[in-house]
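Single-letter residue listing:
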Amino acid sequence: NKALLHYYFKNKDNLYMEVLAFSMDLYWKGIMEKVGVLTPETDLVKALETLVETAVWRMKDEPDLTRIILQELGDGGPRIKCLSERGICEDPVNGFLEMLSHSEEFKGQDPLAPVQFFVNLMGMIMSTWHLLPFYSKHLEIHQIPFDDEFLKNRIEEIQKTVRRYFKQ
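Presented here is a report on the structure given in the accompanying data block. Note that the structure is a prediction, hence the values are computed from the model and not measured.

What counts, and where the lines are drawn
- Residues numbered from 1 in each chain as written.
- Predicted model: local features only at pLDDT ≥ 70, side-chain atom pairs only at ≥ 80, totals over all residues.
- Heavy atoms only, no water.
- Helix = DSSP H or I, 4+ residues; strand = E, 2+ residues; numbered from the N terminus.
- Buried < 20%, exposed > 50% of the residue type's maximum accessible area, 1.4 Å probe, protein only.
- Contact = heavy atoms within 4.5 Å.
- Axes fitted to C-alpha atoms, helices over the stretch in contact; angles between N-to-C directions.
- Parallel < 35°, antiparallel > 145°, perpendicular 65-115°, else oblique.
- Left-handed = near helix turned anticlockwise from the far one by under 90°.
- Nonpolar A, V, L, I, M, F, W, Y, C, P; charged D, E, K, R; others polar.

Our next topic: unusual backbone geometry. Despite not being glycine, Lys10 shows a phi value in the positive range, around 70°. The topology assignment puts Lys10 in the loop between α1 (2-9) and α2 (12-35). A positive phi is found at Cys89, a non-glycine position, where the angle reads about 75°. Examined against the element boundaries, Cys89 turns out to sit in the loop between α5 (78-85) and α6 (90-102).

This is how it looks when you write it as C-alpha cells:
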C-alpha cells in the first residue's frame with residue numbers, strides 16, 4: 001500500500017533509485033556470471049569478448065532496462081553516477097580497468113588508456129540501441145532487419161575492435 005511504500009522509500013525518486021540499483025546490480029551480476037571471476041590468470045581478451053556478447057544479448061532480452069539506462073544517460077546520468085557512488089556496478093568495472101592497467105598485451109600506454117578503452121567498449125555496446133533511430137533507415141534501404149543475425153554481426157564487429165587493442 002502507499003503508506004508502506006512511503007514509510008520505506010519516502011518518495012517516488014527513492015523507490016525508483018532502489019529499483020534501478022537492483023536492476024543494474026542484476027544486469028552486471030548476470031554478465032559477470034558468464035565472464036567469470038577476474039584474476040591475474042584470466043584471459044583478458046576472452047573476458048572482454050564475453051562481456052560484449054553477454055551485454056548485447058542482455059540488453060536485447062531486457063528492453064525496459066535498456067530504455068531506462070539510455071534515458072538516464074541521456075539526462076546526464078546523475079542517477080547512474082549516484083549508483084556508482086553507492087558501489088553498484090563498481091566491482092566489475094574496476095575489475096576490468098585493473099586488469100587493463102596491468103595487462104602486458106594491452107596496447108594502451110598512457111595511464112588513461114584503460115579508461116578510454118572501456119568507455120569506448122561500453123559506448124559500442126550501448127550505441128547498438130542508442131543510435132538505432134539514426135541507422136534504422138539505412139538498414140531498411142538495404143533490407144537488413146534489426147534481428148538476432150544483425151546482433152550477432154554487431155557482437156563480432158565489437159569483438160574485432162577489442163582484439164585490435166591487444167598485441168597478437
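Our focus in this paragraph is the side chain of Thr54. Within the secondary structure, Thr54 is located in helix α3 (residues 44-61). You can call Thr54 buried: its relative accessible area is 11%. Sequence-distant contacts of Thr54, defined by excluding residues within four places in its chain, comprise Gly30, Ile31 and Lys34.

What follows deals with the packing of helix α7 (residues 113-130) against helix α9 (residues 148-164). One can describe the packing of α7 onto α9 by two numbers: an axis separation of 11 Å at closest approach and a directional angle of 170°. Considering their axes alone, α7 and α9 lie roughly antiparallel with respect to each other. The two elements α7 and α9 cross, and the hand of that crossing is right-handed. In this structure, α7 contributes Phe117, Leu121, Met124, Ile125, Ser127, Thr128 and Trp129 to the contact, and α9 contributes Leu151, Arg154, Ile158, Thr161 and Val162. Its residues assigned to classes, the contact of α7 with α9 comprises 8 nonpolar, 3 polar and 1 charged.

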